[in-house]
Amino acid sequence: MKVLVTGGAGYIGSTICSALEDYGHTPVILDSLVTGREEFTRGRIFYRGDIADAALVERVFREHPDIYATIHCAALIVVPESVEKPYEYYTENVCKSLALFHTLNRLGYGRVVFSSSASIYDVVPGFMVTEESPLKPGSPYARTKYMMEMILKDFCTAYPMKGIALRYFNPIGADPKMRSGIHVKEPSHVLGKLVDTALGKLPCFEITGTTWPTRDGTGIRDYIHVWDLALAHIQAVEQFEQVFERLGGESRYAVINLGTGRGVTVRELVTAFEKVYGKEICKVERPPRPGDVAGAYANADTARRLLGWEARLPIEQGIADALRWGEIRHTILKYD
Ligand SMILES: NC(=O)c1ccc[n+]([C@@H]2O[C@H](COP(=O)([O-])OP(=O)(O)OC[C@H]3O[C@@H](n4cnc5c(N)ncnc54)[C@H](O)[C@@H]3O)[C@@H](O)[C@H]2O)c1
């Protein structure tokens, strides 16, 4: 099947495109390259432009009327930047997604899989969250994700649309075949920073936040291999209608956690990293960054039930793939 992937030139979107191809599907990418990389679109159907450009979206569907569903990954994603630039984040993520959903509905292409985020959860005792756990998005970025979920839900109630919001936990690693991975020059993700420290691009790894009420004081996360994450999207599009049958009733909107179901603290991640890397790295402790929270890990039962999917790759493979990608990425990505 053909699938529109907005943000398909980004880290996760490009991995989803690779997975779609590996499973016999055809991705159609719509990406403005505001942060993404043209290199990840090579050999793929690619429209360079904005998700809010209705004329362009119309053209995409006119030229590919057989698109079955849209996977909407396009967004700005850096938490501290969203604290400094809320106007840009609400405009880029919320206003533009609203415009995209409106166009999709108007054109009659109502199947949407949306990249949401576990950053919208409140911190709960024990740190494990189900889809029904309380929400408390702690940054402008997280609030854009929360608002986009609400918009999609309301559209699915009012219009002939069906939506699946996938709440990603913490993606790590790279495509195991090394077609893509983290692309930003200075990664804001914890594993990207560990890799940069190991490769000598950063002097020391900063453990940000050491007084959270977790087992060792550092933030707890659910690190999921980006390939596992991509495979969940294959299930979401292949099983799109079945998801709603399994939900039962009249429901046209589903929320699904995508995590491993295991919580790992930053210190534990660093230890696993050093084991895979084979050497100790320099580490320093720092206060939390603006917008940081103690964290959460997924209850992954709904994904198993509705998608027939569960994460399979161990954290060590995520680390090993991130390291490999860190070493070879300059051969794929050309920076000015
Ligand atoms: N990476 C994470 O840790 C994480 C965690 C949870 C959720 N998510 C979500 O997953 C999605 C993908 O994240 P990523 O890590 O791949 O980020 P990324 O920055 O690598 O990819 C985002 C892509 O969207 C494109 N884009 C942004 N705004 C656009 C617009 N208006 N029109 C067209 N294209 C636009 C960018 O050019 C980029 O290619 C995002 O929605 C993000 O919120 C990411």
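Presented here is an overview of the structure given in this document. Being a predicted model, the structure only gives us computed values, none of them experimental.

## Quick notes on the overall build of the protein chain
When helices and strands are tallied, the protein chain shows 11 helices and 15 strands. For a compact globule of 336 residues, the expected C-alpha radius of gyration is about 20 Å, and the protein chain comes in at 19 Å, within 12% of that figure. Taking the principal axes of the C-alpha coordinates as reference, the protein chain spans close to 55 × 45 × 40 Å. Relative to its 336 residues, the protein chain shows a buried fraction of 56%. Put simply, 78% of the contacts in the protein chain that link residues at least 6 apart link residues at least 24 apart. Accessible area of the protein chain: about 14,100 Å², with a carbon and sulfur share of 53%. Here the protein chain carries 39 positive and 41 negative side-chain charges, and the mean point of each set is 1 Å from the other.

## Re unusual backbone geometry
A positive phi angle is found at F127, which is not glycine, with a value near 70°. Mapped onto the elements, F127 comes out in the loop between β5 (111–117) and β6 (128–129). Of note in the backbone geometry, M178 takes a positive phi value of approximately 60° without being a glycine.

## Here's the deal with the state of the cysteines
Per the stated rule, a full pass over the model turns up 1 disulfide. Bridging C204 to C282, the disulfide has an S-S length of 1.5 Å. Highlighted residues: C204 in the loop between α6 (190–198) and β9 (205–208) and C282 in the loop between α9 (266–277) and β14 (283–286), separated in sequence by 78 residues. A disulfide-free cysteine, C95 has its sulfur positioned 19 Å from the sulfur of C156, the nearest such atom. Counting only cysteine sulfurs, C73 is the nearest neighbor of C156, a cysteine outside any disulfide, at a range of 17 Å.

## Topic: the packing of aromatic side chains
A full pass over the atoms with the stated rule returns 8 aromatic pairs. Plain terms: the ring middles of F240 and F244 are 5.4 Å apart, the flat faces sit at 55° to each other, and that makes the pair tilted. Of the two residues, F240 and F244 both sit in helix α8 (residues 240–247), 4 residues apart, roughly one turn of that helix. Taken together, F101, F114, F155 and Y159 form an aromatic cluster joined through their ring pairs.

## Overview of the nonpolar core
Of all hydrophobic cores here, the largest spans 38 residues; its most connected members are I16, L166, Y168, I256, L258, L307 and W309. Looking at this core, the elements with two or more residues in it are β1 (2–6), α1 (11–22), β4 (67–72), β7 (162–168), α7 (226–238), α8, β12 (253–258) and α10 (301–307). Looking at which element gives the most residues to this core, the answer is α7, with 9 residues. If you look at the next biggest cluster of nonpolar residues, it comprises 27 residues, including F61, V94, C156 and M161.

## Examining the site of the ligand
With respect to spatial proximity, 30 residues lie near the ligand, and among them D31, C73, Y141, K145 and H183 are the closest. In this structure, Y11 approaches the ligand through a main-chain N or O atom, which is 2.8 Å from an oxygen atom. Separating a nitrogen atom of the ligand from a backbone N or O atom of I51 is a distance of 3.1 Å. Coverage of the ligand by the protein chains reaches 96% of its 830 Å² of free accessible surface. Among the elements of the structure, α1, α4 (86–107), β5 and α5 (140–158) are those that each provide at least two residues to the shell around the ligand.

## Concerning the pattern of salt bridges
Applying the stated criterion to the full structure yields 22 salt bridges. As a salt-bridge pair, R111 and E241 come within 3.0 Å of each other at their nearest N and O atoms. In this pair, R111 sits in strand β5 while E241 sits in helix α8, placing the two residues 130 residues apart along the sequence. Overall, R111 belongs to the partly exposed group, its relative accessible area being 27%. With a relative accessible area of 25%, E241 lands in the partly exposed category. Between D301 and R304 there is a salt bridge, and its shortest N-O distance comes to 3.0 Å. You can see D301 and its partner R304 sitting in helix α10, 3 residues apart, about one turn around the helix. Connected via shared salt-bridge partners are D22, D175, K177 and R179.

Conventions used here
- Residues numbered from 1 in each chain as written.
- Predicted model: local features only at pLDDT ≥ 70, side-chain atom pairs only at ≥ 80, totals over all residues.
- Heavy atoms only, no water.
- Helix = DSSP H or I, 4+ residues; strand = E, 2+ residues; numbered from the N terminus.
- Rg over C-alpha atoms; globule rule 2.2 N^0.38 Å.
- Buried < 20%, exposed > 50% of the residue type's maximum accessible area, 1.4 Å probe, protein only.
- Contact = heavy atoms within 4.5 Å.
- Areas by Shrake-Rupley, 256 points an atom, 1.4 Å probe, with all protein chains shown as cover.
- Lys, Arg positive; Asp, Glu negative; His and termini not counted.
- Charge placed at Lys NZ, Arg CZ, Asp CG, Glu CD.
- Disulfide = S-S within 2.5 Å.
- Phe/Tyr/Trp six-rings, centres within 6.5 Å; stacked < 30°, edge-to-face > 60°.
- Core = buried A, V, L, I, M, F, W, Y, C linked by side-chain atoms within 4.5 Å.
- Near = heavy atom within 4 Å.
- Polar contact = N/O pair within 3.5 Å; in protein donor to acceptor, adjacent residues only side chain to side chain.
- Salt bridge = Lys/Arg side-chain N within 4 Å of Asp/Glu carboxyl O.

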